[in-house]
Amino acid sequence: MELLYASCVGLLVACGIYLILRARTFPVVLGLTMLSYAVNLFLFSSGRLKINQAPVLGQSASYADPLPQALVLTAIVIGFAMTAFVVILAIRGRADLGNDHVDGQPRASRATKGSK
Amino acid sequence: MQHLITLPVLLPLLAGIILLLPPCGKNLVLRRWVATFMALFTLVASTLLLTTILGSGPLVYAIGEWQPPFGIVLYADPLAVALCILTSFLSLVTIVYASRGDDKAGSFFHPLAHFLLMGVNGAFLTGDLFNLFVFFEVLLIASYALLMHKKDKHTTKAALHYVILNLVGSSIFLIALGVLYGVLGTLNMADMAVKVALLQGDDIYLAKIGGLLLLIVFALKAALLPLHLWLPATYGRAMPVIAAQFAIMTKVGVYAIMRVFTMIFGEQAGELSGIASTWLWPLALVTLVVGAVGVLAAEDLRRLSANLVIVSVGTLIAMVALNNEQATAVAIYYLIHSTIACAAMFLVADMIALQRGKVQDRLVNSRGVAQPKLLGFCFVFAAIALAGLPPLSGFVAKLWLLDASYGAQVAWVFWPIYLLASLATLVALSRAGTSLFWHDHPNQDEQFEDNVYAGKRRTWALVLILAVPLMMTVFAAPLSEMSNQAAAALHNSQVAIDTVFALAKEQ
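Residues numbered from 1 in each chain as written. Chains lettered and ligands numbered in written order. Predicted model: local features only at pLDDT ≥ 70, side-chain atom pairs only at ≥ 80, totals over all residues. Heavy atoms only, no water.

Looking now at the overall build of chain B. Scanning chain B from N- to C-terminus turns up 20 helices and two strands. A compact globule built from 507 residues would reach a C-alpha radius of gyration of about 23 Å, and chain B, at 22 Å, matches this within 12%. A principal-axis box enclosing the C-alpha atoms of chain B has dimensions of 75 × 60 × 40 Å. Among the 507 residues that make up chain B, the fraction classed as buried is 63%. If you take every contact in chain B between residues at least 6 apart in sequence, the share linking residues at least 24 apart comes to 80%. Roughly 18500 Å² of accessible area belongs to chain B as shown, and the carbon and sulfur atoms make up 67% of that amount. When the 28 basic and 26 acidic side-chain charges of chain B are each reduced to a single mean position, those positions are 13 Å apart. (Helix = DSSP H or I, 4+ residues; strand = E, 2+ residues; numbered from the N terminus. Rg over C-alpha atoms; globule rule 2.2 N^0.38 Å. Buried < 20%, exposed > 50% of the residue type's maximum accessible area, 1.4 Å probe, protein only. Contact = heavy atoms within 4.5 Å. Areas by Shrake-Rupley, 256 points an atom, 1.4 Å probe, with all protein chains shown as cover. Lys, Arg positive; Asp, Glu negative; His and termini not counted. Charge placed at Lys NZ, Arg CZ, Asp CG, Glu CD.)

Listed below in structure tokens is the structure:
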């Protein structure tokens with residue numbers, strides 16, 4: 001289970017970073033979302049992975065750690081708000097700058113401008 | 001009085017909510033007064049808190065009375081509270097300054113300014129690492145919205161970069177927290193400081209990875225090289241009054257570095273003590289150099305001020321990297337001084353830009369400003385403070401800084417770089433002053449209709465903020481005493497541990 005879980009997190013991080021390094025805002029937003037999913041899963045696992053255990057002390061010999069669950073909940077809420085904000089900002093950028101390139105203009109058009 | 005420690009966080013939150021509700025929501029004049037007075041109350045509450053803890057030692061407050069290692073605590077030591085005072089003062093000045101019209105450029109300036117204040121104060125006062133993350137997010141989301149306050153397309157571009165960078169930073173922060181929690185089983189800073197020393201085997205490496213990931217995040221917030229590229233664009237593009245308010249935000253990153261790497265990974269941490277110093281020292285020096293080059297190369301006054309922020313971060317981090325009590329004391333004094341001086345420079349740049357028509361604050365020859373005496377005086381005052389010339393606080397800070405680093409082995413690298421950087425600052429500022437005030441066109445008598453005169457409020461705000469460097473020189477002795485005390489409290493993590501766990505035993 002640990003291996004599967006770790007590979008999922010790793011894959012999500014890899015995809016997220018790849019997408020963030022793209023030069024258009026939409027892939028970047030998707031990449032940020034993937035990265036935040038990966039981070040949430042990772043935080044969740046920091047209390048060790050356990051199946052069918054209550055997060056209550058003293059009820060049984062082993063128990064799930066309740067704190068990472070609370071942390072993940074907070075992280076999800078914050079991540080959601082931030083994603084909403086960055087989506088709006090990307091749309092605003094598309095409207096203000098005339099295209100969806102993160103630098104405001106694609107490299108090709110900048111080069112032609114420079115040569116003129 | 002035990003609840004006093006929550007006021008610097010709660011008052012701005014309350015203010016933000018009041019400012020959004022009906023009586024203030026529609027009425028701009030009322031909103032300005034409420035915002036000003038709430039910032040003033042926060043300042044008073046922080047000052048009261050400082051006098052309390054200077055007498056009785058650090059305070060701990062368990063939120064909701066949850067016992068310390070499990071619940072979240074607020075921890076007030078002199079450093080945290082002094083910075084709360086600084087932030088509240090800065091907010092007060094910028095709110096007064098913006099009340100002359102800048103707050104009409106977009107919606108919700110006053111509530112956002114208070115939410116920013118809440119986030120920054122919370123980040124200073126918290127004693128829990130996850131809570132630090134939450135307050136970082138509070139201050140960041142307020143800053144995103146403030147950055148977009150004035151609608152124009154260059155700001156949108158700068159904001160896009162700033163937001164995406166900080167979102168990636170937040171993800172790294174969470175990964176670091178996950179690693180540290182997995183290893184240590186706690187996120188309470190005092191508890192972490194105890195547990196870090198007890199680590200064995202491979203856990204040490206994991207904790208080191210977690211700690212250094214935290215360093216990356218804080219370096220991004222502090223604009224330490226090579227993560228500084230967002231700063232000149234962001235601060236240069238934001239409205240100057242907002243950039244002045246942002247002057248404290250890089251310092252939040254510096255504060256977090258000081259807190260985490262002296263309290264948790266400090267001297268008591270065994271194998272993990274001082275893991276950051278080896279990285280911080282070279283990065284600080286390179287930051288200084290790059291900042292100085294940026295100052296020399298700046299084309300307008302706002303960008304120049306933004307690069308001065310980078311220089312101040314480099315200096316501060318160099319002091320933090322020295323990692324001894326005296327250097328930390330200087331860092332605290334210098335932090336207060338540089339924040340105020342940079343913020344003042346942004347405000348002066350705004351006034352100058354408003355009176356020069358289309359040229360704005362670009363450092364080229366153009367018509368003169370409409371109020372040369374007032375603005376010239378303000379500019380010289382701020383420039384003297386920033387360049388570290390006598391008689392203002394920059395000079396005191398510089399002397400003390402050189403004195404503190406004199407004994408260190410690395411002084412022979414730091415001294416020349418630091419002195420050259422301040423020479424560069426001096427050169428750039430004198431050149432800027434010459435072209436802004438002396439090389440103007442002769443048509444002085446002509447009236448320009450687009451001039452915006454510094455009204456009463458703006459003049460008051462400028463006087464208020466420029467009085468601080470003077471006061472910091474006059475009261476240098478008590479202030480340095482306070483800095484020494486704050487540095488001692490920061491370095492002696494045993495005091496923090498004892499205070500926090502005394503609370504656990506009481507309950």
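Okay, the pairing of strand β2 (residues 73-76) of chain B next. Residue and element names in this part refer to chain B. Of the two faces of β2, the one carrying V73 and Y75 and the one carrying L74 and A76 are both buried. Here strand β1 (residues 59-62) pairs with β2 via four bridges, running antiparallel. Paired with Y61 across the strands is L74, a residue of β2. (Pairing = 2+ DSSP bridges.)

This part covers the interface of chain B and chain A. Listed as interface residues are 28 residues of chain B and, on the opposing side, 30 residues of chain A. Summed over both sides, the interface of chain B with chain A buries roughly 2700 Å², with 81% coming from carbon and sulfur. Where chain B touches chain A, the interface holds zero salt bridges. Linking chain B with chain A are four residue pairs in polar contact (both at pLDDT 80 or more), by the criterion used here. Secondary-structure elements contributing two or more residues to the side of chain B that touches chain A are α6 (129-147) and α7 (153-184) of chain B. In terms of residue count, the dominant contributor to the side of chain B that touches chain A is α7(B) (17 residues). (Buried area = accessible area lost by both parts, 1.4 Å probe. Salt bridge = Lys/Arg side-chain N within 4 Å of Asp/Glu carboxyl O. Polar contact = N/O pair within 3.5 Å; in protein donor to acceptor, adjacent residues only side chain to side chain.)

Residues and elements named next belong to chain B. Per-chain confidence: chain B averages 87 in pLDDT, with 97% of residues scoring 70 or above. Across chain B, the secondary-structure element scoring lowest on mean pLDDT is helix α2 (residues 22-26), at 79, and the one scoring highest is helix α5 (residues 109-125), at 93. Reported confidence for the predicted complex is 0.90 by ipTM and 0.92 by pTM. (pLDDT = per-residue confidence, 0-100.)

So, about helix α8 (residues 189-196) of chain B. Residues and elements named next belong to chain B. In terms of burial, α8 is largely enclosed, as six of its eight residues are buried. Those residues of α8 lying buried are M189, A190, D191, M192, A193 and V196. On the buried face of α8, the contacting elements are α6, α7, α11 (240-264) and α20 (493-506). Between the side-chain oxygen at the start of α8 and the backbone nitrogen of A190 there is a gap of 3.0 Å, and the oxygen is on N188.

Turning next to the packing of helix α13 (residues 301-322) of chain B against helix α17 (residues 411-438) of chain B. Residue and element names in this part refer to chain B. Between α13 and α17, the least distance of the axes is 12 Å, while the angle of their chain directions is 165°. By the angle between their directions, the pair α13 and α17 is classed as roughly antiparallel. Read as a crossing pair, α13 and α17 show a hand that is left-handed. When α13 is examined against α17, the residues L301, L304, L308, T315, A318 and M319 are found in contact with a partner set consisting of F414, Y418, T425, A428, L429, A432 and L436. (Axes fitted to C-alpha atoms, helices over the stretch in contact; angles between N-to-C directions. Parallel < 35°, antiparallel > 145°, perpendicular 65-115°, else oblique. Left-handed = near helix turned anticlockwise from the far one by under 90°.)

Judged by side-chain polarity, V29(B), W33(B), F37(B), L40(B), F41(B), V44(B) and L48(B) come together as a nonpolar surface patch covering roughly 640 Å² of accessible area. Mapped onto the elements of the fold, F41(B) is located in helix α3 (residues 28-56). (Patch = residues over 30% accessible without salt bridge, like charges linked within 9 Å, V, L, I, M, F, W, Y side chains within 5 Å.)

Residues and elements named next belong to chain B. In the contact formed by α13 and helix α14 (residues 325-354), the axes pass within 10 Å of each other and the chain directions differ by 175°. Taken together, the axes of α13 and α14 are roughly antiparallel relative to one another. Listed contacts from α14 to L301, R302, S305, A306, L308, V309, S312, T315, L316, M319 and L322 of α13 are A327, V330, A331, Y334, L335, S338, C342, M345, F346, A349 and I352. A class-by-class count of the residues in the contact of α13 with α14 yields 17 nonpolar, four polar and one charged. (Nonpolar A, V, L, I, M, F, W, Y, C, P; charged D, E, K, R; others polar.)

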